[in-house]
Protein chains: 2
Amino acid sequence: MNPDITRERKNATFDVEKLTYILDGGPEKTKRRREIESLVFSDPDFNEEDPNFLSRSDRYDQAVRKSAQMILKLREYGIADPEEIYCYKKMVQGNFHEALGLHFVMFLPTLYSQCDAEQARKWLPLAESFQAIGTYAQTEMGHGTHLRGLETTATYDPATQEFVLNSPTISSIKWWPGGLGKTSNHAIVLAQLHTLGNCHGIHAFIVPIRDMSTHIPLPGIVVGDIGPKFGFSEVDNGFLKLENVRLPRDNMLMKYAKVEPDGTYLKPPSAKLTYGTMVFIRSLIVGESARALSKASIIAIRYSSVRHQSEIRAGEPEPQILDYQTQQYKLFPLLATAYAFTFVGQYMRETYQRISGDISDGDFSQLPELHALSAGLKAFTTWTTNAGIEVCRMSCGGHGYSRSSALPDIYVEFTPACTYEGENTVMMLQTARHLVKSYRQAKEGQQLSGTVSYLNDANLQRVQPQTVAARPTVVDVNDLASLVEVYKQRAAILVELSAKSIQQELQRRKCQEDAWNNSSIDLVRASDAHCHYVVVKLFTDKLGEIGDTAIHSVLSTLALLYALHGIKNNSGDFLQAGLLSVPQVLQVSVRVKELLSQLRPNAVALVDSFDINDKRLNSILGRYDGNVYEHLFEWARRSPLNATEVHESFHKYLKPLRSQL
Amino acid sequence: MNPDITRERKNATFDVEKLTYILDGGPEKTKRRREIESLVFSDPDFNEEDPNFLSRSDRYDQAVRKSAQMILKLREYGIADPEEIYCYKKMVQGNFHEALGLHFVMFLPTLYSQCDAEQARKWLPLAESFQAIGTYAQTEMGHGTHLRGLETTATYDPATQEFVLNSPTISSIKWWPGGLGKTSNHAIVLAQLHTLGNCHGIHAFIVPIRDMSTHIPLPGIVVGDIGPKFGFSEVDNGFLKLENVRLPRDNMLMKYAKVEPDGTYLKPPSAKLTYGTMVFIRSLIVGESARALSKASIIAIRYSSVRHQSEIRAGEPEPQILDYQTQQYKLFPLLATAYAFTFVGQYMRETYQRISGDISDGDFSQLPELHALSAGLKAFTTWTTNAGIEVCRMSCGGHGYSRSSALPDIYVEFTPACTYEGENTVMMLQTARHLVKSYRQAKEGQQLSGTVSYLNDANLQRVQPQTVAARPTVVDVNDLASLVEVYKQRAAILVELSAKSIQQELQRRKCQEDAWNNSSIDLVRASDAHCHYVVVKLFTDKLGEIGDTAIHSVLSTLALLYALHGIKNNSGDFLQAGLLSVPQVLQVSVRVKELLSQLRPNAVALVDSFDINDKRLNSILGRYDGNVYEHLFEWARRSPLNATEVHESFHKYLKPLRSQL
């Protein structure tokens with residue numbers, strides 16, 4: 001164990017293990033998680049080479065092997081609880097992905113939820129036994145988030161009782177679905193349904209794409225890998241071009257909408273049912289953001305505690321780089337953010353479960369609020385995390401660029417979350433739509449509830465923007481409740497500002513849509529402020545649940561840092577709205593520095609509490625024992641370029657060059 | 001040609017070609033650049049496969065081949081001017097790097113500048129004929145920017161008149177030098193010189209590391225590749241461990257410092273001579289930032305002009321995504337920044353040349369200012385560009401993640417610039433040191449000149465921070481000269497604030513060094529504001545040189561957007577200092593929106609003016625002809641995973657899985 005990191009751990013003021021229980025949701029959960037994780041450590045099948053040393057084809061090969069092994073082992077161990085499966089898989093995958101991911105998270109769930117009884121009898125046994133390996137082919141080359149724009153067609157032919165599927169343009173080629181390129185032999189294809197001369201919009205079809213026995217693509221199917229990407233090297237994101245592919249009528253998923261043998265179309269009873277899945281996945285992404293930022297913080301903070309560099313005081317030994325104020329200023333606000341997002345992720349999971357219950361009972365009243373919240377928080381947390389991972393990476397100096405640090409991998413595997421499951425700017429605007437609608441309802445005298453209740457008219461009248469000097473300032477920058485209040489007021493003012501911008505555009509005779517577009521910078525900013533308020537509030541609320549005094553104290557410091565750092569970075573908003581005075585903003589800067597010093601002794605313990613095992617973290621810089629340099633050397637020597645002492649290019653090009661000059 | 005992009009070009013209000021001349025520095029320069037570039041198009045040797053499809057070993061192999069070919073062809077064509085060589089090489093390399101890069105930019109120049117006459121006679125012919133292929137081994141595993149901390153030792157043994165070189169610790173292993181792992185047979189090694197019992201600090205030694213004929217590592221040399229990284233896949237950044245390596249006395253570079261045969265050490269006449277090279281390289285990086293951001297803007301803006309998505313007005317065709325205000329708000333400020341940095345890069349090159357002249361004449365008076373400016377601008381431009389490339393990438397939706405977009409490559413090849421040649425935070429603090437020193441000189445009554453002259457005492461007294469309402473606001477947010485003035489005042493206030501923070505820390509009985517460290521957040525912010533002011537000023541100054549009315553008009557709009565966008569993003573600073581009032585900040589937001597609309601018709605023409613050829617850009621999304629989708633499909637089909645219809649993993653793992661369940 002590196003003596004620096006041992007000393008750091010001794011200096012902690014709280015019990016790391018107890019904080020881990022809080023993050024896991026209780027000591028039993030921590031225990032069970034560790035049991036499951038230990039199944040992977042002791043398993044020689046998962047003791048494989050670093051994927052960074054492999055070619056793309058070998059990475060894919062390794063991922064398929066691991067996917068197949070995981071299926072067998074999970075059955076052998078009798079692990080069936082979804083959370084436990086998730087935990088086991090995360091441990092096997094480390095920072096990477098599963099080859100059969102889409103089969104489990106999209107293909108099977110879609111069959112479960114959208115097959116009618118007869119279809120379920122046919123397809124579920126095939127899919128559960130991996131005779132049918134599937135994916136979900138929605139996105140096309142030309143259309144992503146805007147689903148109505150999809151171009152693939154499924155035209156019903158009553159004469160043969162078949163659907164004819166086509167990719168009528170280049171841009172209609174299905175593009176991006178994971179596992180589509182090489183792994184799957186079936187795809188749920190989303191296509192515009194045409195029957196009896198009418199188009200009924202997007203519906204789902206089960207399309208066989210490869211022979212189940214030989215795996216050779218079927219007639220009319222052009223399928224393959226979309227090529228190398230930024231990350232996801234082990235995943236065969238694929239393309240699919242459909243050329244007059246004929247499907248039996250009952251390959252359309254018919255639990256809700258139906259096409260009768262004669263071509264008659266029957267509408268689904270409600271459109272809200274698919275709405276819930278998106279909300280669920282976006283809520284999960286909030287938790288993924290927390291985990292990615294936790295990993296990056298662990299690596300950067302542990303490394304900063306063992307890296308010595310330069311000098312603060314002349315003649316003294318080189319300090320740990322974690323002693324530099326600039327380094328603390330980069331990392332501790334991100335550490336605080338990782339905690340904040342972890343608690344927001346817990347809240348979103350609980351809220352989803354609660355509202356799912358309501359929905360099952362036929363009560364949809366909370367869905368719009370949850371939809372807006374999950375869209376905005378998905379964007380807010382992924383953007384913050386995306387930038388934060390890179391700050392962590394760059395705070396590690398040169399070694400942050402080495403794949404051995406894991407930081408490049410964490411970044412490239414995470415960054416697509418800003419785009420998939422709803423492009424972030426579009427998400428922010430969806431939230432803004434809910435905010436503006438709520439604002440107008442409040443103006444019309446409706447009483448709002450939930451996170452938008454601050455928009456109730458009475459509150460708004462209190463927070464009109466006005467000149468700074470005119471407002472009496474009663475904010476206590478050391479009191480979280482008071483800070484939650486100013487974040488709330490900032491959000492209210494920015495929502496109002498964006499609603500007024502729309503109003504002004506309309507007064508200039510712009511149509512509704514142009515007025516919206518011309519206000520969209522303000523609308524995104526309002527959503528951002530709303531999400532920021534929600535995060536500060538949920539972090540503050542969480543503190544109320546924590547009994548342990550030492551942990552309560554350190555988490556309160558983190559929450560205060562999170563809130564004040566956000567004010568410092570957005571001080572223009574708070575000054576402009578007259579929510580804070582100039583001396584208060586100066587005071588915030590001073591307090592931020594004090595909080596950095598205050599957190600310094602607990603920094604390593606706070607990342608230890610995330611309890612992410614070395615095997616899962618897969619980072620030499622982030623090793624628990626802090627023994628960085630010797631392992632960096634050992635790792636580098638295994639680099640494939642070192643397989644031979646002399647690379648063949650010397651004999652092929654460099655030696656001959658000399659004689660040609 | 002895609003009709004959308006053709007229409008965009010027709011809408012431009014200025015002559016693209018004339019703007020290209022301004023960027024190149026004159027029509028003759030444009031002509032010559034294009035001549036050189038065309039040598040590459042017509043050359044079948046450089047018509048190679050996308051490196052993204054190759055294994056790391058094959059990428060390295062390809063890079064070595066191209067390096068060798070470039071040497072031969074440049075001689076054949078008789079291209080010898082450094083700028084023309086640079087231009088040719090950039091065209092061959094596209095977004096990637098040269099295998100022999102360090103031989104040309106560090107090994108040869110070091111020999112030229114630091115060999116004494118006898119050494120030059122021996123080593124230059126060897127290096128120029130590639131018998132000796134070299135690199136520059138400075139950075140160690142444990143030390144980068146802080147050179148004094150380097151641990152490698154060179155101990156003089158008068159008995160044999162040899163130096164004995166050692167890597168005494170793991171952390172002293174040389175780490176990162178490009179070309180060190182496999183390509184080079186020599187390295188300039190920086191080591192602590194010990195002779196007659198004294199250490200004289202860092203000196204440079206020529207160390208043979210591989211046999212010149214067989215390329216096998218020499219005794220006492222442990223050398224290899226440091227493993228895969230975030231980018232630079234074709235470069236063999238290497239490690240070097242020295243185990244009692246004995247060198248003849250004259251392998252120490254002896255033009256300045258010397259060790260006599262008896263071990264007597266002779267000091268170099270001046271330490272400032274090496275100082276100039278760093279300044280030069282950092283100045284160049286400013287230009288590299290401009291180029292990287294130009295490339296990213298070209299790709300994102302061209303793609304946004306051909307991508308149609310979603311709807312603004314119901315029932316109308318899907319708009320180009322460049323019509324969304326949020327998309328313009330992401331991209332146009334970055335386009336303005338790319339222009340700003342291009343002009344700053346031109347200024348830095350010219351200034352360096354001017355001051356180099358002074359230095360040759362023995363006048364070092366301007367060097368501290370240039371040193372501070374190049375350090376700060378290196379950090380300011382690379383950080384901005386780094387974040388900007390990712391904004392461009394994410395603005396392209398899913399396809400931005402594909403390697404075919406080139407955006408991932410541009411990012412990973414650029415991002416190390418934030419760390420190499422001086423870690424950015426350290427650079428910002430070096431600039432801050434100059435600013436605080438200048439501030440104190442001004443306080444003591446000295447009259448400052450150059451970019452820091454705004455710190456002269458008289459100016460400072462005008463800009464004391466005070467409450468917002470108390471200050472009369474005379475700023476015209478539509479007038480660039482007025483905006484340069486507020487940026488200047490903001491910088492002055494933030495320099496003063498950081499100097500006062502140091503003062504306060506000292507009054508609390510902190511030592512100088514701790515006072516500095518405890519103020520470093522403020523110091524970085526002051527440097528940032530200083531650099532921001534310089535960029536706004538240089539952009540504004542450049543406008544004065546432009547005669548063409550149409551170009552002057554569009555560049556003025558860009559400059560105004562650059563300045564106002566910076567104010568909007570840092571509005572807290574301007575409000576806090578009382579430089580702008582609340583209504584003015586609101587007005588800035590409105591103006592920014594107007595400027596986006598104003599730039600919209602010229603966006604594609606403005607990126608066309610960068611005149612970066614498709615071959616060099618290597619981006620399907622950024623193609624000049626806008627024909628994105630068909631080429632994306634064609635590129636994907638060449639992906640190595642598509643070499644076989646059925647990947648072997650199906651037979652190895654998926655088929656057997658079924659029978660094991």
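Note that the structure is a prediction, hence the values are computed from the model and not measured.

*Asks:* I would appreciate a short explanation of the state of the cysteines in the present structure.
*Replies:* By definition, a disulfide links two cysteine residues through a covalent bond between their sulfur atoms. In this structure the tally under the stated criterion is zero disulfides over all chains. Between Cys396 of chain A, a free cysteine, and Cys392 of chain A, which holds the nearest cysteine sulfur, the sulfur-to-sulfur gap is 7.3 Å. Free of any disulfide, Cys418 of chain B has its nearest cysteine sulfur in Cys531 of chain B, 14 Å distant. Relative accessible area serves as the criterion here: at 2%, Cys418 of chain B is assigned to the buried category.

*Asks:* Even after reading the chapter, I still don't get the nonpolar core, so can you show me in this structure?
*Replies:* Generally speaking, a soluble globular protein has its nonpolar side chains buried in company with each other. Judged by nonpolar contacts, the single largest core of 318 residues is most densely connected at Leu111, Trp175 and Tyr339 of chain A together with Leu111, Trp175 and Tyr339 of chain B. Setting aside anything within four residues of it in sequence, one finds Trp175 of chain A in contact with Thr139, Glu140, Met141, Ile226, Gly238 and Phe239 of chain A together with His399, Leu632, Phe633 and Ala636 of chain B.

*Asks:* Hey, could you run me through the packing of aromatic side chains in this one?
*Replies:* Given two aromatic rings, one states the distance between the centres and the angle between the planes to describe the pair. With the rule as written, the count across this model stands at 37 aromatic pairs over all chains. Centroid distance Phe230 of chain A to Phe230 of chain B: 6.2 Å. Interplanar angle 20°. Geometry classified as stacked. Residue Phe230 of chain A is located in the loop between strand S7 (221-225) and strand S8 (238-242), and its partner Phe230 of chain B is located in the loop between strand S7 (221-225) and strand S8 (238-242); the two belong to separate chains. Note on accessibility: Phe230 of chain A and Phe230 of chain B belong to one class, buried. Note that Arg433 of chain A overlies the ring of Trp516 of chain A, its terminal NZ or CZ placed 4.1 Å from the centroid. Against the face of Phe104 of chain B rests Lys89 of chain B, its NZ or CZ located 3.7 Å from the ring centre.

*Asks:* Is there a simple way to think about the packing of helix H9 (residues 325-360) of chain B against helix H19 (residues 582-599) of chain B in this case?
*Replies:* Axes are the key here: two packed helices are described by the angle between their axes and the distance separating the axes. Residues and elements named next belong to chain B. Contact pair H9 / H19: the axes reach a minimum separation of 10 Å and the direction vectors enclose 85°. As far as their axial angle goes, H19 and H9 are roughly perpendicular. For the pair formed by H9 and H19, the contact residues are Gln325, Gln328, Tyr329, Phe332 and Pro333 on the first element and Val592, Lys593, Leu596, Ser597 and Leu599 on the second. Along the lines of polarity and charge, the residues of the contact of H9 with H19 split into six nonpolar, three polar and one charged.

*Asks:* Can you help me understand the sheet that holds S7 of chain B in this one?
*Replies:* Strand-to-strand pairing in sheets goes through backbone hydrogen bonds, with the strands running parallel or antiparallel. Pairing is antiparallel across the open sheet formed by three strands, whose spatial order is S4-S8-S7 (chain B). Both outer strands of the open sheet, strand S4 (174-175) and S7 of chain B, are each paired with one neighbouring strand and no more. Pairing of S4 of chain B with S8 of chain B involves two bridges; the strand directions are antiparallel. Bridge pairing in S8 of chain B places Lys174 of chain B opposite Leu240 of chain B. Of the strands in this sheet, S4, S7 and S8 of chain B are in contact with helix H22 (residues 628-637) of chain A, which crosses S8 of chain B at around 115°.

*Asks:* Explain the interface of chain A and chain B here, please?
*Replies:* Interface size is commonly expressed as the accessible area that is lost once the parts come together. Listed as interface residues are 139 residues of chain A and, on the opposing side, 139 residues of chain B. With both sides pooled, the region where chain A packs onto chain B buries about 11400 Å², and carbon together with sulfur makes up 61% of that total. When residues of chain A are sorted by the area they lose upon contact with chain B, Phe230, Tyr401 and Ile521 of chain A head the list and together hold 7% of the total. Remark: the boundary between chain A and chain B carries six salt bridges.

*Asks:* Please explain the domain arrangement of chain A as it appears in this structure.
*Replies:* Residues and elements named next belong to chain A. Split by domain assignment, chain A resolves into domain 1 (1-42 + 275-449 + 476-644) and domain 2 (134-268). Computed over C-alpha atoms only, the centres of domain 1 and domain 2 are separated by 38 Å. Taken residue by residue, the interface counts nine residues in domain 1 and five residues in domain 2. If you look at where domain 1 meets domain 2, you find one residue pair in polar contact (both at pLDDT 80 or more). Considered class by class, the residues forming the side of domain 1 that touches domain 2 number five nonpolar, two polar and two charged.

*Asks:* It is not clear to me how the UniProt feature "domain: Acyl-CoA oxidase C-terminal" (unreviewed entry) in chain A should be interpreted in this structure. Could you clarify?
*Replies:* Mapped onto this numbering, the UniProt entry annotates "domain: Acyl-CoA oxidase C-terminal" (unreviewed entry) at residues 479-657 of chain A. Helix and strand shares over residues 479-657 of chain A are 74% and 0% respectively, and the end C-alpha atoms of the span are 71 Å apart.

*Asks:* Is there a simple way to think about the confidence of the model for chain A in this case?
*Replies:* Detail in the predicted coordinates should be disregarded across regions flagged by low pLDDT. Averaged over all residues, the pLDDT of chain A equals 94, while 97% of them reach at least 70. Per the prediction output, this complex has pTM 0.97; the corresponding ipTM is 0.97.

*Asks:* Got a minute to help me understand the relation of the copies chain A and chain B in this structure?
*Replies:* In this structure, two copies of a chain are linked by a rotation about an axis accompanied by a shift along it. Rotating chain A by 180° and translating it 0.0 Å along the rotation axis places it on chain B, where the RMSD comes to 0.0 Å. Such a turn and shift between the copies fits a two-fold axis. Every residue of chain A has its C-alpha some distance from the rotation axis, and the shortest such distance is that of Gly572 of chain A, at 1.8 Å. Comparing interface residues between copies, 100% of those in chain A also sit at the interface in chain B, which points to an isologous, same-surface contact.

*Asks:* Any chance you could explain the UniProt feature "binding site: FAD" (unreviewed entry) in chain A here in plain terms?
*Replies:* Residue and element names in this part refer to chain A. According to UniProt, the positions carrying the feature "binding site: FAD" (unreviewed entry) are Thr139 and Gly178. These annotated residues cover 40 residues of sequence, and their C-alpha atoms all fall within 10.7 Å of one another, placing them together at a single site. Secondary-structure assignment places Thr139 in the loop between strand S1 (134-137) and strand S2 (153-157). Look at Thr139 and you get partly exposed, because its relative accessible area is 24%. Those residues in contact with Thr139 that lie beyond four places of it in its chain are Gly144, Lys174, Trp175, Trp176 and Pro177. Classification of Gly178 by relative accessible area gives buried; the value is 9%. The contacts of Gly178, once residues within four sequence positions are left out, are Leu102, Thr135, Val235, Asp236 and Asn237.

How each quantity is defined
Residues numbered from 1 in each chain as written. Chains lettered and ligands numbered in written order. Predicted model: local features only at pLDDT ≥ 70, side-chain atom pairs only at ≥ 80, totals over all residues. Heavy atoms only, no water. Disulfide = S-S within 2.5 Å. Buried < 20%, exposed > 50% of the residue type's maximum accessible area, 1.4 Å probe, protein only. Core = buried A, V, L, I, M, F, W, Y, C linked by side-chain atoms within 4.5 Å. Contact = heavy atoms within 4.5 Å. Phe/Tyr/Trp six-rings, centres within 6.5 Å; stacked < 30°, edge-to-face > 60°. Helix = DSSP H or I, 4+ residues; strand = E, 2+ residues; numbered from the N terminus. Lys NZ or Arg CZ within 6 Å of the ring centre and 35° of its normal. Axes fitted to C-alpha atoms, helices over the stretch in contact; angles between N-to-C directions. Parallel < 35°, antiparallel > 145°, perpendicular 65-115°, else oblique. Nonpolar A, V, L, I, M, F, W, Y, C, P; charged D, E, K, R; others polar. Pairing = 2+ DSSP bridges. Buried area = accessible area lost by both parts, 1.4 Å probe. Salt bridge = Lys/Arg side-chain N within 4 Å of Asp/Glu carboxyl O. Domains from an automatic or database assignment. Polar contact = N/O pair within 3.5 Å; in protein donor to acceptor, adjacent residues only side chain to side chain. UniProt positions renumbered as here; feature names shortened; annotations may be inferred. pLDDT = per-residue confidence, 0-100. Least-squares fit on C-alpha atoms with pLDDT ≥ 70 in both.

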